[in-house]
Amino acid sequence: MKAVVANDHGAVALTKEIVGHLQDRGIEVDYLGIANEEPVDYPDMARLACEKYLAGGYDFGVVCCGTGIGISISANKIHGIRCALPQNVFAATMAKEHNNANFIAFGGRIEYPQPVSEMLDAYLDAQFCGGRHQRRVDKIMELES
Ligand code: RB5
C-alpha cells in the first residue's frame, strides 16, 4: 500500500507519529510536509496531497492540521476526494465501511478518546461494505457535478 501524507504547522508531531505508524505497518509513505512549525496555509497542504493522490499510484491519503477541520474541508472541495474527520475508532471504521473515504484527517491539537494509531488501524483494517453504501457514495460524488 502507498499513502500520501501532508500537514500544516498545527499537527507536526502528530503527523510524524502517523507517518511512523504507517511505515511500521509496511505502508510506503510519500510525506509532503511540513516537518517544522513554520506557519503554512492548510488549503495549500490539502491541495498538494490531494493532487498527488489524484495523479495516481496511492491507496489513500492522510491530512492533518490543528483541528483537522480546515484541512478536511479543503480536501473535500477537490473533486474525487472523500475526506473523513473521525472522532473515534468507531467513526474511523465507518469512514471506510460506509463512506469509502479515500482520505482521513486528524487534528494535532485535539484530544481524542483513543490513540490516533488505533483510529488509523480501524480505518485501514475495515472494508467498504458496498451495496446500499455504494449508492450513497455515488450520490455524494454526483454532488460534484
Ligand atoms: C492553524 O493555526 C489552524 O487554524 C489550522 O491548523 C487548523 O486548525 C484549521 O482548521
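Here's a quick rundown of the structure. Since this is a predicted model, take the numbers as computed values, not measurements.

### So, the sheet that holds strand β4 (residues 83-84)
Strand pairing in a sheet is mediated by backbone hydrogen bonds. Such pairs are either parallel or antiparallel.
In step 1: Taking strand neighbours across the sheet as the criterion, the 5 strands line up as β2-β1-β3-β5-β4 in an open arrangement whose pairing is parallel. What marks the edges here is a single partner per strand, and that holds for β2 (28-31) and β4.
In step 2: Pairing analysis gives 2 bridges linking β4 to strand β5 (residues 103-107), with the strands arranged parallel. Directly across from C83, in β5, lies its bridge partner F103.
In step 3: With respect to the sheet, helix α3 (residues 69-76) is in contact with β1 (2-7), β3 (60-65), β4 and β5, its orientation differing from that of β3 by roughly 140 degrees.

### Let's talk about the nonpolar core
In step 1: Grouped together as the largest cluster of nonpolar side chains are 25 residues, with contacts concentrated most on I18, L22, F60, V62, F106 and Y123.
In step 2: For I18, the contacting residues outside a window of four places in its chain are V62, C64, F106, V116 and L120.
In step 3: Judged by nonpolar contacts, the second largest core, of 18 residues, contains A49, Y53, V63 and I78.

### Things to note about unusual backbone geometry
In step 1: In this chain, G33 is followed by I34 through a cis amide linkage whose omega measures 10 degrees.
In step 2: In this structure, I34 sits in the loop between β2 and α2 (42-55).

### Some remarks on the packing of helix α1 (residues 12-24) against helix α5 (residues 116-125)
In step 1: Orientation of α1 relative to α5, taken along the N-to-C sense of each, is 45 degrees, at an axis distance of 10 Å. Relative to α5, the element α1 lies oblique. At the point where α1 passes α5, the crossing takes the right-handed sense. Contact residues: α1 offers L14, I18, H21 and L22, while α5 offers V116, S117, L120, D121 and L124.
In step 2: Taken together, the residues of the contact of α1 with α5 sort by class into 6 nonpolar, 2 polar and 1 charged.

### Section: the site of the ligand
In step 1: Surveying the vicinity of the ligand reveals the residues D8, H9, Y42, C65, G66, T67, G70 and R109.
In step 2: H9 has a polar side-chain atom sitting 3.4 Å from an oxygen atom of the ligand.
In step 3: A distance of 2.8 Å separates an oxygen atom of the ligand from a polar atom in the backbone of G70.
In step 4: Protein coverage of the free-state accessible area of the ligand, which is 290 Å², stands at 72%.
In step 5: Residue composition of the shell around the ligand, grouped by class: 2 nonpolar, 4 polar and 2 charged.

### Some thoughts on the packing of aromatic side chains
In step 1: Tallied over the entire structure, the rule returns 3 aromatic pairs.
In step 2: Taking the centre distance of 6.0 Å and the plane angle of 70 degrees together, the rings of F60 and Y123 count as edge-to-face. One end of the pair, F60, is in strand β3; the other, Y123, is in helix α5, with 63 residues separating them in the sequence. Like F60, the residue Y123 is buried in the burial classification.
In step 3: Between F106 and Y112, the ring centres sit 6.1 Å apart and the planes meet at 80 degrees, which makes this aromatic pair edge-to-face. Each of the two residues, F106 as well as Y112, counts as buried.

Calculation criteria
Residues numbered from 1 in each chain as written. Predicted model: local features only at pLDDT ≥ 70, side-chain atom pairs only at ≥ 80, totals over all residues. Heavy atoms only, no water. Pairing = 2+ DSSP bridges. Helix = DSSP H or I, 4+ residues; strand = E, 2+ residues; numbered from the N terminus. Contact = heavy atoms within 4.5 Å. Axes fitted to C-alpha atoms, helices over the stretch in contact; angles between N-to-C directions. Core = buried A, V, L, I, M, F, W, Y, C linked by side-chain atoms within 4.5 Å. Buried < 20%, exposed > 50% of the residue type's maximum accessible area, 1.4 Å probe, protein only. Parallel < 35°, antiparallel > 145°, perpendicular 65-115°, else oblique. Left-handed = near helix turned anticlockwise from the far one by under 90°. Nonpolar A, V, L, I, M, F, W, Y, C, P; charged D, E, K, R; others polar. Near = heavy atom within 4 Å. Polar contact = N/O pair within 3.5 Å; in protein donor to acceptor, adjacent residues only side chain to side chain. Areas by Shrake-Rupley, 256 points an atom, 1.4 Å probe, with all protein chains shown as cover. Phe/Tyr/Trp six-rings, centres within 6.5 Å; stacked < 30°, edge-to-face > 60°.

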